[in-house]
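Commentary on secondary and tertiary structure
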Amino acid sequence: MSVDISLRVNGAEHRLAVEPTETLVNVLRNRLGMTGTHKDCTMGICGACTILLNGQPVSSCLLLACQADGEAIRTIEGLERDGALSLLQEAFLRYGAVQCGFCTPGFLMIAVALLEKNPKPDRNEIIDALKGNLCRCTGYTKIVDAIEFVANN
Amino acid sequence: MASDKKQPDGQKFALESAKQQALWQREFQQIVADVQGQALGPNWTANSSPRNIGLPLPRNDVLYKVRGTARYAANISMDGMLYGRFVRSQEPHARILNIDVSAATQAPGVHAILTADEIPQDRLLVGTHDNDTPILAKDRVRYVGEPIVAIVAESVEQAQQACDLVEVEYESLPVIFTPEEAIIVGAYQIDAEAEGNIITEHRHDVGDVDAAFAAADIVLENTFTTEPIDHCFLEAQAGLAFVDSGGTLNLLVSTQYPHFHHEQLARVTGLPMEKIRVIQTVVGGAFGGKIDDTIECASCLLALKTSRPVSMTLTREEVFIATTKRHRLKFRQKLAATKEGHLTALELDILCDGGAYRSYSRVVAGRCVVHAGMPYRFPNLRVHFMTAFTNHVPSGSMRSFGVVKMAFALESHLTELAAKIGISPIEIRKRNGFVDGDVISTGQVLQDVGLLKTLAEIEPIYERRKRELAGVHGQGQMNPGRKRGLGVACLGYGIGYSGIRNPSTARLAVSADGFVTAFCGTPDIGTGSDMALTQIAAEALDIDLGRLRVVSGDSTKTDDSGPTSASRTTYFSGNAVCLASEDFKRQFCTAVAEKTGCLPAQVRIDNDRVIVQNEPLAFEQACRLIADDVDAIVGYGKFDPDIEIDISTYQGNAYPTYTYGTHLVEIEVDEELGSVDVVRYWAAHDGGVIVNPIGAEGQVEGGIVQGLGMALWEKIVRQEGFIVNPHYRDYLLPGAMDIPGELSVWFVETYDRTGPFGAKGLAEASIIPTPGAIAGAISNAVGVWPRGIPMESEKILELMGHYSADAAKSATVKGQPREPR
Ligand code: FES
Ligand code: FES
């Protein structure tokens with residue numbers, strides 16, 4: 001028994017029939033081909049699947065697709081403007097905030113949410129915002145640096 | 001959506017097979033072009049400097065990573081592809097009496113089921129060094145999580161549901177969970193060829209250890225323990241296998257060593273090497289954990305069986321349960337010194353839990369033996385290293401191959417010794433640390449040793465913080481109930497494989513429009529090695545960085561250059577690229593000379609121009625000039641330093657070069673909770689000339705934070721062979737809030753005479769000193785010495801004599817179980 005839903009992803013409307021048990025991350029990745037949102041723990045701990053739901057960061061592995069019916073979703077694919085990197089993406093690139101990059105989509109989305117809510121966070125506020133995202137490569141410092149750069153510009 | 005097997009869909013694929021093949025072919029070519037295009041080379045020519053080495057240039061691959069378009073293996077899909085899952089052992093050690101797949105065969109969406117019975121015995125076993133690990137267990141399982149059956153279906157869910165329907169009948173066998181039990185005479189022999197359950201045993205004896213201990217002023221002796229830990233790369237093992245219309249088996253996979261899988265697949269499938277192509281996708285971290293076979297052989301066999309693309313991705317839980325771990329170690333260390341603080345002898349007796357198969361156990365042992373006592377002079381040294389089979393998931397390679405554990409013990413003893421004789425922890429290391437001309441225990445003479453330079457960088461900071469902590473706050477007392485401490489530790493680490501040749505090769509080709517491509521087998525696993533190789537090639541050729549592309553990790557397009565592991569890529573492949581550049585320039589200049597009617601000696605490349613008899617040509621102009629001949633120009637370089645250790649005597653050249661460093665950490669211990677906060681951290685490294693400072697800094701920072709996790713929180717907990725914390729909620733990784741408020745990394749200036757433009761390599765090394773530095777800091781703060789890692793709060797409280805169960809329960813300041821967002 002499938003459910004008809006409509007997802008507004010990065011401004012575009014998608015109508016599709018999903019199983020009631022399908023998670024949003026699976027629908028984004030497998031149905032919509034938007035593989036920028038990554039999946040690791042599927043338990044809401046690593047943050048690799050972080051997306052914005054009505055501006056709020058959520059773990060899309062814990063959300064059922066039908067729960068997001070009609071809501072506004074933003075993913076990493078929506079960060080560029082007219083093919084140009086956003087300042088945040090540019091900062092991640094320049095500051096060495098990305099190594100293997102598997103965690104990057106989640107960190108970018110959490111940073112977007114933070115900066116929209118609080119455009120001038122201090123270092124502690126940035127660190128606090130990142131506490132639900134894991135990165136095994138960078139040691140976090142350069143991720144914090146990159147976000148701090150954007151906050152100061 | 002669950003369709004029945006064989007039906008409409010199956011028919012569609014059968015009937016339209018020619019069309020389908022053509023579609024797949026197009027899809028696949030596009031995927032490969034994408035994957036390799038992302039790694040290729042700079043899309044920008046932002047480098048206005050004539051130099052390429054030492055610049056913090058951003059990486060090409062990162063562009064795709066911040067856009068969300070990077071081609072990780074699990075992001076790749078093909079029309080009609082199938083998904084594979086494993087049935088895994090629920091027993092730590094058992095005979096398999098029967099495998100009943102009848103219900104699974106009937107399950108919706110299932111296309112194929114693979115068991116060991118279908119694989120000929122001589123093709124069943126795989127492994128990096130020993131070919132001892134069955135792709136699927138046959139008669140016996142040796143650990144919980146061992147794969148027994150692989151099933152492909154039209155969705156992951158269907159494959160999993162079918163797996164759940166498989167009934168395996170077991171007959172339990174005696175279980176062995178510690179190496180101590182494993183080596184008892186009469187213990188059940190886990191591996192048919194390993195008498196006494198010994199995977200590997202090494203002895204190394206230099207000088208007269210007994211006499212040195214008898215004559216010593218000071219002797220320290222303790223037993224140290226370490227727990228198994230997981231790599232926790234965020235991207236689980238994943239791959240896509242596809243047989244193309246020409247019959248070539250293709251595997252796109254997240255790996256550290258595509259050529260290893262290439263060779264294994266040839267043996268396992270019986271296909272000739274040229275009918276197999278393994279291509280590395282973008283890799284989401286590895287740290288030594290993507291160098292064994294997991295999904296590779298099974299997915300390929302299933303692709304051959306079904307003639308469909310097969311995708312396999314492990315779940316996070318499977319990564320924890322069924323892929324290699326850092327070895328669990330227990331060892332006795334005994335150290336002798338004079339009262340002036342000169343080290344005279346070291347004795348190590350090490351026993352290691354190797355798990356159920358060999359994996360990298362021998363490599364870890366070999367490296368640990370050679371690194372015993374490093375980076376200090378020990379005239380007398382005795383090591384006994386033994387690794388035994390148990391019924392645990394195999395232990396394998398992980399960042400530093402065990403050296404971090406040895407360093408934990410050695411650096412603890414060094415600091416303790418300094419305190420005993422009343423000198424600073426820096427001073428003791430200065431008195432004993434390696435300098436140029438020192439001879440290590442294998443007889444190798446060292447050169448270009450930057451250890452003392454790193455100590456000299458750290459010393460003033462240590463002295464200043466010591467004064468400040470003592471002066472302002474008295475006894476390091478910051479807040480009531482909290483005590484600060486400083487800890488120092490050093491590292492010395494050999495680059496490349498231990499004591500065996502491990503050459504790397506590179507080829508350089510040029511196109512008529514002026515682009516140069518470097519082909520090199522060592523893949524970029526997320527560290528930025530492709531960028532480093534690009535910078536080295538641009539420097540060696542003296543052309544603009546924007547002209548360079550790199551193709552790495554493709555078994556068809558590149559030669560086997562060994563794996564990206566052991567911190568070897570910048571050094572080994574960088575050197576190969578330098579040698580290839582020389583060969584390239586010779587051929588290139590000859591071709592230009594022929595066309596312009598001068599002598600090759602009158603042509604040279606200079607700052608992105610080609611100078612022909614003092615007349616400068618733009619590089620692309622010169623390439624156009626020789627357009628007809630460019631295809632023939634292939635610069636080849638092979639870097640194969642003379643590395644060889646005689647395993648019976650442990651004498652010889654262990655590594656072509658060594659990287660060094662000194663770390664200083666300031667921590668705060670909560671006396672009531674026993675918890676440790678890392679407040680400040682300073683790290684000075686000798687990695688030779690640094691090719692890309694921002695990349696190098698990132699490697700060091702990442703290693704330090706992994707080291708913090710290992711030192712304080714991380715451990716795989718097992719009960720009766722089952723891992724009880726196979727998820728991030730209870731396996732505590734360091735998070736952003738755990739990093740020190742101040743974290744400074746810098747590089748001392750050394751030039752390695754054997755390295756590409758003086759570079760050494762350093763990726764793994766930064767994890768090595770961290771646990772030892774933290775142990776020293778804990779002792780400095782609260783006067784106790786933890787002898788096991790992780791140094792959990794309960795253990796610290798217990799040592800302090802403050803332990804109470806209530807306090808332990810509330811010790812949740814750091815390293816608390818994580819809650820989902
Ligand atoms: S995959 Fe969703 S939080 Fe880890
Ligand atoms: S960059 Fe690899 S996990 Fe963050």
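Residues numbered from 1 in each chain as written. Chains lettered and ligands numbered in written order. Predicted model: local features only at pLDDT ≥ 70, side-chain atom pairs only at ≥ 80, totals over all residues. Heavy atoms only, no water.

1. Topic: the overall build of chain A
To keep it simple, the criterion reads: A run of DSSP states H or I qualifies as a helix once it reaches four residues; a run of E qualifies as a strand once it reaches two. Both are numbered from the N-terminal end. Each radius of gyration reported is based on C-alpha atoms, and the globular scaling rule is 2.2 Å times the count of residues to the power 0.38. Only protein chains enter the calculation, and the probe is 1.4 Å; a residue is then buried if its accessible area is under 20% of its type maximum, exposed if over 50%, and partly exposed in between. In what follows, residue pairs with any heavy atoms lying within 4.5 Å of each other are defined as contacts. Accessible surface is estimated by sampling points in the Shrake-Rupley manner with a 1.4 Å probe; for residues, cover comes only from the protein chains shown. None of His or the chain ends enter the tally, which takes Lys and Arg as positive and Asp and Glu as negative. Where a charge sits is defined by one atom per residue type, namely NZ (Lys), CZ (Arg), CG (Asp) or CD (Glu).
The number of helices and strands found in chain A is five helices and five strands. Since a compact globule built from 153 residues should have a radius of gyration of about 15 Å, the 15 Å found for chain A is in line with a globular shape. In terms of overall dimensions, chain A has C-alpha extents of about 50 × 30 × 25 Å along its principal axes. The 153 residues of chain A split such that 59% are buried. By sequence separation, contacts in chain A at least 24 residues apart represent 55% of the contacts at least 6 residues apart. Accessible surface, chain A: about 5800 Å² in total, of which carbon and sulfur atoms supply 49%. Of the charged side chains in chain A, 14 are positive and 17 negative, and the gap between their average positions amounts to 4 Å.

2. Quick look at the interface of chain B and chain A
Which entries qualify depends on this criterion: Throughout, the accessible surface (probe 1.4 Å) given up by two parts as they are put together, summed over both, is called the buried area. Basic side-chain nitrogens of Lys or Arg form a salt bridge, by our definition, when they fall within 4 Å of a carboxyl oxygen of Asp or Glu. Counted as a polar contact is a pair of N or O atoms within 3.5 Å, where, for protein atoms, one must be capable of donating a hydrogen and the other of accepting one, and residues adjacent in sequence contribute only when both atoms are in side chains. Residue type decides the class: Asp, Glu, Lys and Arg count as charged, Ala, Val, Leu, Ile, Met, Phe, Trp, Tyr, Cys and Pro as nonpolar, and the leftover types, Gly among them, as polar.
With 53 residues of chain B in contact, the opposing surface of chain A contributes 49 residues. Summing the contributions of chain B and of chain A, the shared interface buries around 4200 Å²; its carbon and sulfur component is 59%. Put simply, chain B and chain A have five salt bridges between them. E701(B) is paired through a salt bridge with K142(A); the nearest N and O atoms lie 3.3 Å apart. One can count 23 residue pairs in polar contact (both at pLDDT 80 or more) joining chain B with chain A. Elements supplying a minimum of two residues to the side of chain B that touches chain A: α3 (60–67) and α19 (693–712) of chain B. Counting residues per element, the side of chain B that touches chain A draws most heavily on α19(B), which supplies eight residues. Class assignment of the residues belonging to the side of chain B that touches chain A gives a composition of 26 nonpolar, 12 polar and 15 charged.

3. Structural notes on the domain arrangement of chain B
How big an interface is tends to be stated in terms of accessible area lost as the parts join. Residues and elements named next belong to chain B. Stated formally: Domain limits in this description derive from either an automatic procedure or a database domain assignment.
Splitting chain B by domain gives domain 1 (10–45 + 57–73), domain 2 (82–173 + 236–283 + 290–322), domain 3 (328–497 + 648–810) and domain 4 (504–640). For domain 3 and domain 4, the distance between their C-alpha centroids amounts to 39 Å. Counting residues at the interface gives 23 residues for domain 3, matched by 19 residues for domain 4. Of the roughly 1500 Å² buried where domain 3 meets domain 4, counting both sides, 67% is carbon and sulfur surface. Its largest share of buried area at the contact with domain 4, domain 3 owes to V691, P756 and F757, together 35% of the area lost on that side. Our count for the contact surface shared by domain 3 and domain 4 stands at zero salt bridges. Here domain 3 is connected to domain 4 by six residue pairs in polar contact (both at pLDDT 80 or more). Of the residues contributing to the side of domain 3 that touches domain 4, the split by class is 11 nonpolar, eight polar and four charged.

4. Description of the sheet that holds strand β15 (residues 328–337) of chain B
Residue and element names in this part refer to chain B. Worth spelling out the cut-off: Note: two strands are recorded as paired if DSSP finds a minimum of 2 bridges between them.
The strand order across the open sheet formed by six strands is β9-β17-β16-β15-β10-β33, and the pairing between neighbours is mixed. The strands lining the two open edges of the sheet, one partner per strand, are β9 (198–206) and β33 (788–789). Direction of pairing for β15 relative to strand β16 (residues 343–355): antiparallel, over a ladder of 10 bridges. Paired with R328 across the two strands is D353, which belongs to β16.

5. Regarding the pairing of strand β20 (residues 516–520) of chain B
Residue and element names in this part refer to chain B. A large share of β20 lies buried, amounting to four of its five residues. Bridging between strand β19 (residues 504–510) and β20 involves five bridges; their strand directions are antiparallel. The residue bridging R507 from the neighbouring strand is F519, located in β20. Pairing between β20 and strand β21 (residues 548–552): five bridges, direction parallel. Note that in β21 the partner of C520 across the bridge is S552.

6. A closer look at the packing of aromatic side chains
Residues and elements named next belong to chain B. Under the convention used in this document: Only Phe, Tyr and Trp rings take part, Trp by its six-membered ring, and two of them pair if their centres are within 6.5 Å. Stacked means planes under 30 degrees apart, edge-to-face means over 60, and tilted covers everything else. Two thresholds decide whether a charge sits over a ring: the Lys NZ or Arg CZ must be within 6 Å of the ring centre and within 35 degrees of the ring normal.
All told, the structure shown has 18 aromatic pairs over all chains when counted by the stated rule. Note on F584 and F588: the rings are 5.6 Å apart at their centroids and 20° apart in plane angle, and the pair reads as stacked. Of this pair, F584 and F588 both sit in helix α17 (residues 569–596), four residues apart, which is roughly one turn of the helix. Assessed through its relative accessible area of 0%, F584 is described here as buried. Taken together, the ring pairs connect W24, F28 and F242 into an aromatic cluster. Here the basic side chain of K334 rests over the ring of F213, its NZ or CZ set 4.4 Å away from the ring centre. Cation over ring: R568 sits above Y497, and NZ or CZ is 5.8 Å from the ring centre.

7. Some points on the environment of E148(A)
All names here are of chain A. Within the secondary structure, E148 is located in helix α5 (residues 141–151). Distance from E148 to V18, taken between C-alpha atoms, is 39 Å for residues 130 residues apart in sequence. Excluding residues within four positions of it along the chain, E148 makes contact with R123 and I126.

8. Considering unusual backbone geometry
Residues and elements named next belong to chain B. The linkage connecting M374 with the following residue, P375, adopts the cis geometry, with an omega of 5°. Among the secondary structure elements, P375 is positioned in the loop between α12 (361–371) and β17 (380–389). Phi at F287 is positive, roughly 55°, even though this residue is not glycine. With respect to the helices and strands, F287 occurs in the loop between β13 (276–280) and α10 (296–306). The phi dihedral of D608 is positive, around 70°, even though this residue is not glycine. Turning to its location among the elements, D608 is positioned in the loop between β22 (603–606) and β23 (609–612).

9. Details of the pairing of strand β2 (residues 12–18) of chain A
Residue and element names in this part refer to chain A. Sheet analysis places strand β1 (residues 3–9) next to β2, joined by seven bridges and oriented antiparallel. By the bridge assignment, V9 is partnered in β2 with A12. If you look at the hairpin formed by β1 and β2, you'll find two residues sitting between the two strands, and N10 has a positive phi there, around 50°.

10. Quick word on α19(B)
The following threshold applies: A helix is expected to span 1.5 Å for every residue after the first.
With 20 residues, α19(B) ought to run about 28 Å at 1.5 Å a step, and its terminal C-alpha atoms sit 28 Å apart, in line with that. When you tally the buried positions in α19(B), you get 17 out of 20 residues, the bulk of the element.

11. Comments concerning the domain arrangement of chain A
Residue and element names in this part refer to chain A. Each assigned domain of chain A is listed with its residue range as follows: domain 1 (3–76) and domain 2 (87–152). Taking the mean C-alpha position of each, domain 1 and domain 2 sit 21 Å from one another. Facing 16 residues of domain 1, the contacting portion of domain 2 comprises 14 residues. Looking at the side of domain 1 facing domain 2, the largest losses of area belong to H38, T50 and I76, adding up to 37% of the total buried there. Applying the counting criterion to the domain 1 and domain 2 interface returns one salt bridge.

12. Observations concerning the confidence of the model for chain B
Any region with low pLDDT has predicted coordinates that should not be read closely. Note the cut-off: The pLDDT score gives, residue by residue, the confidence of the prediction method on a 0 to 100 scale.
Averaged over every residue, the pLDDT of chain B is 93; the share at 70 or more is 94%. Note on residues 810–815 of chain B: pLDDT is under 50 here. Beyond four places in sequence and across chains, it has 13 contacts.

13. Here's the deal with the pattern of salt bridges
Residue and element names in this part refer to chain B. Under the counting rule described, the total for this entry stands at 67 salt bridges over all chains. Here K715 makes a salt bridge to E792, at a shortest N to O gap of 3.2 Å. Of this pair, K715 sits in the loop between α19 and β30 (718–719) while E792 sits in the loop between β33 and α21 (793–800), and the two are 77 residues apart along the sequence. Using a relative accessible area of 24% as the deciding quantity, one classes K715 as partly exposed.

14. Details of the side chain of S581(B)
Residues and elements named next belong to chain B. By the element assignment, S581 lies in helix α17. Residue classification places S581 among the buried positions, given a relative accessible area of 0%. Setting aside its immediate chain neighbours within four residues, S581 contacts L508, A537, A540 and L541.

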